[in-house]
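Residue-level structural notes
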There are 2 protein chains.
Amino acid sequence: MVRWAPGSRERLQAAALEAFVERGFESVTVAEIAASVGLTERTFFRYFPDKREVLFHGQETLEAAFVDGIRDAPADASTADVLRHALRAATEWWFPEERRAFARARSGIIAQDPALLERELAKMRNLSAALGTALEERGVSPVRARLAAETATTVFHVAFGQWIATDDEKSLADIIDALLGELGDVFGPRS
Amino acid sequence: MVRWAPGSRERLQAAALEAFVERGFESVTVAEIAASVGLTERTFFRYFPDKREVLFHGQETLEAAFVDGIRDAPADASTADVLRHALRAATEWWFPEERRAFARARSGIIAQDPALLERELAKMRNLSAALGTALEERGVSPVRARLAAETATTVFHVAFGQWIATDDEKSLADIIDALLGELGDVFGPRS
């Protein structure tokens with residue numbers, strides 16, 4: 001199964017990102033993005049409601065993948081194992097190696113624009129809230145669900161930063177596993 | 001030692017907050033805030049550079065208190081104990097019981113205004129970065145320092161939300177301790 005098939009949407013995203021990197025998010029117009037891949041502005045708007053959405057399209061689906069990962073975990077799995085399972089399932093699907101360069105460029109663009117950064121952070125808050133709700137649905141207490149969901153989001157965020165900072169061979173899912181291990185070492189029960 | 005002495009700055013903060021709650025942050029002017037406690041606009045600006053700063057004044061000092069807490073911890077303390085020590089020291093000083101109502105009202109105002117919320121989140125990111133640097137100065141590896149600092153900030157954030165949501169007798173420091181315990185239970189080494 002092809003995970004990253006280059007259809008019109010993906011070509012528009014790739015062209016937009018390249019233009020944003022070269023000339024800055026603000027300077028690039030939708031018409032220019034569309035023209036650079038031989039499409040019209042009208043076609044662009046069939047895929048994205050606005051220019052910002054080029055950078056955020058698909059994130060609801062990523063959130064859904066995390067939530068599905070929580071729901072699909074075995075009924076008797078521990079909260080940590082549920083989150084480990086969900087993080088691995090979602091990131092292996094959404095962040096294969098061939099997306100690393102795109103993810104890196106995208107993060108660079110977002111970091112330079114306060115409005116984009118706020119949108120990105122809002123998505124993280126939504127992700128955290130969705131994970132918390134999914135954990136509660138499994139019977140985890142509200143306080144523990146909230147804490148575990150926020151912590152899992154933090155681990156994802158830190159791991160993602162590491163993943164796009166390098167080109168070494170570790171996958172995002174492997175980095176997440178390593179960080180979950182560190183987390184246990186640091187905060188685990190005192191011996 | 002008095003921790004929350006009602007000088008002009010504190011009277012201005014209290015009056016501003018009351019006005020923001022009643023009429024909304026945008027609708028209230030600096031002149032009105034000053035007049036409501038018998039002071040001039042000019043005096044207001046001796047204490048705060050702008051209206052927003054009424055809500056954020058003192059946060060650098062809070063960050064410094066966290067960092068001092070990390071530096072002051074015994075040399076042989078574990079990373080978790082260093083953070084536990086720092087979180088307790090800073091929160092006992094900065095968030096005594098008598099600040100709870102203020103903290104709750106402040107959070108309510110901030111949640112309703114995207115620009116204020118962005119500023120609050122930026123302060124959290126700065127806090128996390130400062131904690132990470134302070135841990136690295138103690139010899140903690142960069143990856144572990146970053147993860148531990150982000151997680152401690154997350155615990156603080158979740159605990160703070162719990163503290164202002166209720167009036168039960170648990171102090172913020174006690175809530176933080178309980179959450180650190182939960183964190184160990186959830187993510188600690190598997191048995």
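Residues numbered from 1 in each chain as written. Chains lettered and ligands numbered in written order. Predicted model: local features only at pLDDT ≥ 70, side-chain atom pairs only at ≥ 80, totals over all residues. Heavy atoms only, no water.

Quick look at helix α6 (residues 79–94) of chain B
Compared with the 22 Å implied by 1.5 Å per residue over 16 residues, the 22 Å span of α6(B) between its first and last C-alpha is a close match. Buried-residue contacts for α6(B) involve α10 (172–187) of chain A together with α5 (59–72), α8 (114–137), α9 (142–165) and α10 (172–187) of chain B. (Helix = DSSP H or I, 4+ residues; strand = E, 2+ residues; numbered from the N terminus. Expected span 1.5 Å × (residues − 1). Contact = heavy atoms within 4.5 Å.)

What to know about the relation of the copies chain B and chain A
Expressed as a screw transformation, the operator carrying chain B onto chain A has a rotation angle of 180° and an axial translation of 0.0 Å, and the superposed copies differ by an RMSD of 0.0 Å. This pairing of chains is accounted for by a two-fold axis. Of the C-alpha atoms belonging to chain B, the one lying closest to the rotation axis is found on B:Gly188, 1.9 Å away. When you check the interface residues of chain B against chain A, 100% turn up at the interface there too, and the contact is symmetric in its surfaces. (Least-squares fit on C-alpha atoms with pLDDT ≥ 70 in both.)

Re the side chain of B:Ser107
On the secondary structure map, B:Ser107 appears in helix α7 (residues 100–111). Apart from the residues within four sequence positions on either side, B:Ser107 is in contact with B:Phe160 and B:Ile164.

Some thoughts on the packing of aromatic side chains
Within the structure shown, the criterion is met by 18 aromatic pairs over all chains. Aromatic side chains B:Phe44 and B:Phe48 sit 5.3 Å apart centroid to centroid with 45° between the ring planes, which places their arrangement in the tilted category. Just as B:Phe44 is buried, B:Phe48 falls in that class too. Taken together, the ring pairs in this structure connect A:Phe66, A:Phe95, A:Phe156, A:Phe160 and A:Trp163 into an aromatic cluster. Positioned above the aromatic ring of A:Phe48 is the side chain of A:Arg9, whose terminal nitrogen or guanidinium carbon lies 5.8 Å from the ring centre. (Phe/Tyr/Trp six-rings, centres within 6.5 Å; stacked < 30°, edge-to-face > 60°. Buried < 20%, exposed > 50% of the residue type's maximum accessible area, 1.4 Å probe, protein only. Lys NZ or Arg CZ within 6 Å of the ring centre and 35° of its normal.)

Digging into the packing of helix α9 (residues 142–165) of chain A against α10(A)
Packed helices, taken two at a time, are described by their axes: the angle between them and the distance between them. Residue and element names in this part refer to chain A. Contact geometry of α9 with α10 gives a least axis separation of 9 Å together with a crossing angle of 125°. Judged by the inter-axis angle, α9 sits oblique to α10. In terms of crossing hand, the pair formed by α9 and α10 is right-handed. Contact residues: α9 offers Thr151, Val155, Phe156, Val158, Ala159, Phe160, Gln162 and Trp163, while α10 offers Leu172, Ile175, Ile176, Leu179, Leu180 and Leu183. In terms of residue class, the contact of α9 with α10 is made up of 12 nonpolar, two polar and no charged. (Axes fitted to C-alpha atoms, helices over the stretch in contact; angles between N-to-C directions. Parallel < 35°, antiparallel > 145°, perpendicular 65-115°, else oblique. Left-handed = near helix turned anticlockwise from the far one by under 90°. Nonpolar A, V, L, I, M, F, W, Y, C, P; charged D, E, K, R; others polar.)

Overview of the pattern of salt bridges
Side chains bearing opposite charge may pair, as long as their charged atoms lie close to each other. Scanning the model with the defined rule gives 30 salt bridges over all chains in all. Two residues, A:Arg104 and A:Asp167, come together in a salt bridge whose shortest N-O distance is 3.1 Å. Here A:Arg104 is found in helix α7 (residues 100–111), whereas its partner A:Asp167 is found in the loop between α9 and α10, with 63 residues between them in sequence. Looking at A:Arg104, the relative accessible area reads 30%, which means it is partly exposed. Its relative accessible area of 58% is what places A:Asp167 among the exposed residues. Put simply, B:Arg119 and B:Glu53 hold a salt bridge, and the shortest N to O gap is 2.1 Å. Separated by 66 residues along the polypeptide, B:Arg119 in helix α8 and B:Glu53 in helix α4 (residues 53–56) bring together distant segments of the chain. Across the pair, exposure class does not vary: B:Arg119 and B:Glu53 are buried alike. One salt-bridge network, in which partners are shared between bridges, spans A:Arg88, A:Glu92, A:Asp174 and A:Asp177. (Salt bridge = Lys/Arg side-chain N within 4 Å of Asp/Glu carboxyl O.)

What about the packing of helix α5 (residues 59–72) of chain A against helix α6 (residues 79–94) of chain A?
Residue and element names in this part refer to chain A. Where α5 contacts α6, the two axes come as close as 8 Å, and the packing angle between them is 140°. Remark: the crossing between α5 and α6 carries right-handed chirality. Residue-level inspection shows Thr61, Leu62, Ala65, Phe66, Gly69, Ile70 and Asp72 of α5 in contact with α6, the latter providing Val82, Leu83, His85, Ala86, Leu87, Ala90, Thr91 and Trp94. Grouping the amino acids of the contact of α5 with α6 by side-chain chemistry returns 10 nonpolar, four polar and one charged.

A short note on the environment of A:Thr43
Residue and element names in this part refer to chain A. With respect to the helices and strands, Thr43 occurs in helix α3 (residues 41–47). According to the relative accessible area criterion, Thr43 is buried, its value standing at 16%. Along the chain, Thr43 and Leu12 lie 31 residues apart, while their C-alpha atoms are 9.7 Å from each other.

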